[in-house]
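The primary structure of each chain is shown beneath.
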Amino acid sequence: MSSFVDFQNEIYLQGLAGVVPALPMTAAGLEQRAREVLEPAAFAYVFGSASAERTAHANLAAFEKYRLLPRVWRGATAPGARDLSVEVLGTRLAAPILTAPIGVLGLLHEQGETVVADVTRELGIGMVLSTAASSTIEDAGAAAGDWWYQLYWPNDNELARSFVERAEKAGAKAIVVTADTPSLGWRPRDLALGHLPFLHGKGIANYLSDPVFRAKLAAAPEESEDAMRAAILTWVGTFGNHSLRPADIAKLRDWTELPIAVKGVLHPDDARQVVDAGADAVIVSNHGGRQVDGAVGALDALPTIVATVGDRADVLFDSGIRTGSDVMIALSLGAKAVLYGRPWAYGLGLAGRDGVKHALRCLLADFDAAMGLSGCTAVTELSRTMISSFR
Ligand SMILES: Cc1cc2nc3c(=O)[nH]c(=O)nc-3n(C[C@H](O)[C@H](O)[C@H](O)COP(=O)(O)O)c2cc1C
């Protein structure tokens, strides 16, 4: 039984002793504090989206089109009445929430990925570990509970295979292949600062520690600055893969027995094609608006994709989750679980482990409270009947 909402009592009791939370209680508050406190380049990297950032706004605006229709007097608020756990792709989670893969956490905290791994393990939720991490797959995996590995499929299949095999060996329970980033979107905030972390050698730990990648290098990157510069240039030539097609899922299937999810799908035809090709799940996402500006808000794409492939694949949702009610709305529209992104990254930058834990506990408590107050004791009770649509 979940008791995420106990966070509320904890805070009010501390209030009696004159102690108020050190960090803001909302996603918007965390973003604002981060804007004030973080290094400008780090804040720009996390906050920034593509071009005019219309899609980043559309992701949040899409939630305005739906309102919940809560039920009352169903006993769902009684202590111990609620069980928010789910099983997705064979992974049991205490709540239908995983941290989204966010690369280069080293910009925000020295032990970024291992901190997130440790906190998600403590809370019983999932973590999706980015290929573009500042820690290695092995270090982050050792600290994690239930985690999935996000693959940026490089343009060298042997390297892709090595990443997948390392992740499986390190304990990943699923592979999430990101389809929307064969190259980076046009991101004015990073461009204005001339800042791409990878070119500074940040976020490439998994490449530098990989035997297949290292075999491409004339000298070990730790040997000299020149060798590191050469390794970074090799990374530049390796990162993007423009040749991928849905049929390549079969290759992934050969390399691993783990479930496969494709992240970054918005068009129902793409969802159909990747599921036809063997994907077990589709993650509806526009990368938080960081890739194609003007793309549809992710929540607006969700119902059609659920209608197209929901009977034969799990559909997950990502891009724009900010509150507990957002989680309820996405699940009511057919998502099995959601990925939570930027707000915990701000928490990480503001207060390390405490900040990640605070941000995640806020979302979990908000979700737990909203579920109970809407008359729901389990996520299986979330369906279209919980929703009033204003479209
Ligand atoms: C700073 C940053 C780095 C990201 N890095 C990755 C990544 O390495 N791999 C990936 O698949 N998605 C990456 N994403 C996208 C997230 O996984 C997720 O789709 C996005 O954050 C969702 O939008 P939201 O945080 O606004 O809800 C990144 C997002 C941000 C903000």
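Please refer to the structure placed before this passage.
In this report, we go over the structure that sits alongside the text. Note that the structure is a prediction, hence the values are computed from the model and not measured.

Around the ligand there are 22 residues in total, and Pro101, Ser130, Thr178, Asp318 and Arg322 lie nearest to it. Backbone polar atom of Pro101 to an oxygen atom of the ligand: 2.7 Å apart, as the coordinates give it. At 3.0 Å, a backbone N or O of Gly103 approaches a nitrogen atom of the ligand. Out of a free accessible area of 600 Å², the ligand has 98% covered by protein chains.

Time to look at the packing of helix α3 (residues 40–47) against helix α16 (residues 342–373). The angle between the axes and the distance between the axes are what describe a pair of packed helices. Where α3 meets α16, the closest approach of the two axes is 10 Å, and the angle between their N-to-C directions is 165°. If you check the angle between α3 and α16, you find them roughly antiparallel. As α3 runs across α16, the sense of the crossing is right-handed. Taking contact as the criterion, the partners of Phe43, Val46 and Phe47 in α3 are, on α16, Arg342, Ala345 and Tyr346. Across the contact of α3 with α16, the residue classes tally to five nonpolar, no polar and one charged.

Another aspect to go through is the environment of Asp180. Considering the arrangement of structural elements, one finds Asp180 in the loop between β7 (175–178) and α8 (188–192). Assessed through its relative accessible area of 17%, Asp180 is described here as buried. Distance in space between the C-alpha atoms of Asp180 and Asn286 is 7.5 Å, their sequence separation being 106 residues. Polar side-chain contacts of Asp180 include one of 2.6 Å to the side chain of Thr181.

Before going further, it helps to examine unusual backbone geometry. We note that Glu53 has phi near 65°; this positive angle belongs to a residue other than glycine. Its place among the elements puts Glu53 in the loop between α3 and α4 (54–61). Exposure remark for Glu53: the relative accessible area of 9% places this residue in the buried category. The residue Trp73 is not glycine, and still its phi comes out positive at about 55°. Note that Trp73 resides in the loop between β1 (66–68) and β2 (86–88). The exposed category is assigned to Trp73, whose relative accessible area is 90%.

With that settled, consider the sheet that holds strand β5 (residues 126–129). Hydrogen bonds between backbone atoms are what pair the strands of a sheet, whose relative direction is either parallel or antiparallel. The strand order β4-β5-β6-β7-β8-β9-β10-β11 describes a closed barrel built from eight strands, whose pairing is parallel. Here the average twist between neighbouring strands, direction ignored, is 30°. Across four bridges, the pairing between β7 and strand β8 (residues 260–265) is parallel. If you follow Ile175 over to β8, its bridge partner there is Ile260. The strands touched by helix α7 (residues 157–169) are β6 (147–151) and β7; relative to β6, the strand with the most contacts, the crossing angle is about 175°.

Attention now goes to the packing of aromatic side chains. Summed over the entire model, instances satisfying the criterion amount to ten aromatic pairs. Between Phe43 and Phe47, the ring centres sit 5.2 Å apart and the planes meet at 15°, which makes this aromatic pair stacked. With a gap of four residues between them, Phe43 and Phe47 both fall in helix α3, about one helical turn apart. Residue class for Phe47 comes out buried when judged on its relative accessible area of 17%. Aromatic pair Tyr152 and Phe239: ring centres 5.1 Å apart, planes at 65°, arrangement edge-to-face. Here Tyr152 is found in the loop between β6 and α7, whereas its partner Phe239 is found in the loop between α11 (225–238) and α12 (249–255), with 87 residues between them in sequence.

One can find Asp368 in helix α16. Under the relative-accessibility criterion, Asp368 is labelled buried at 0%. One polar contact links the side chain of Asp368 to the main-chain amide nitrogen of Val5, over a distance of 2.9 Å.

Attention now moves to the layout of surface pockets. As a volume, the second largest pocket reaches approximately 520 Å³. Lining of the second largest pocket is provided by 26 residues; of these, Thr178, Ala179, Leu244, Arg245 and Val262 occupy positions nearest its centre. Along the lines of polarity and charge, the residues of the lining of the second largest pocket split into 14 nonpolar, eight polar and four charged.

Definitions and limits used
Residues numbered from 1 in each chain as written. Predicted model: local features only at pLDDT ≥ 70, side-chain atom pairs only at ≥ 80, totals over all residues. Heavy atoms only, no water. Near = heavy atom within 4 Å. Polar contact = N/O pair within 3.5 Å; in protein donor to acceptor, adjacent residues only side chain to side chain. Areas by Shrake-Rupley, 256 points an atom, 1.4 Å probe, with all protein chains shown as cover. Axes fitted to C-alpha atoms, helices over the stretch in contact; angles between N-to-C directions. Helix = DSSP H or I, 4+ residues; strand = E, 2+ residues; numbered from the N terminus. Parallel < 35°, antiparallel > 145°, perpendicular 65-115°, else oblique. Left-handed = near helix turned anticlockwise from the far one by under 90°. Contact = heavy atoms within 4.5 Å. Nonpolar A, V, L, I, M, F, W, Y, C, P; charged D, E, K, R; others polar. Buried < 20%, exposed > 50% of the residue type's maximum accessible area, 1.4 Å probe, protein only. Pairing = 2+ DSSP bridges. Phe/Tyr/Trp six-rings, centres within 6.5 Å; stacked < 30°, edge-to-face > 60°. 1 Å grid on protein atoms, 1.4 Å probe; cavity = no way out; pocket = protein on both sides within 12 Å on 5 of 7 lines; lining within 4 Å. Points joined across faces, edges and corners; volume = space filled by probe spheres on them.

These values are about where atoms sit, not about what they do.
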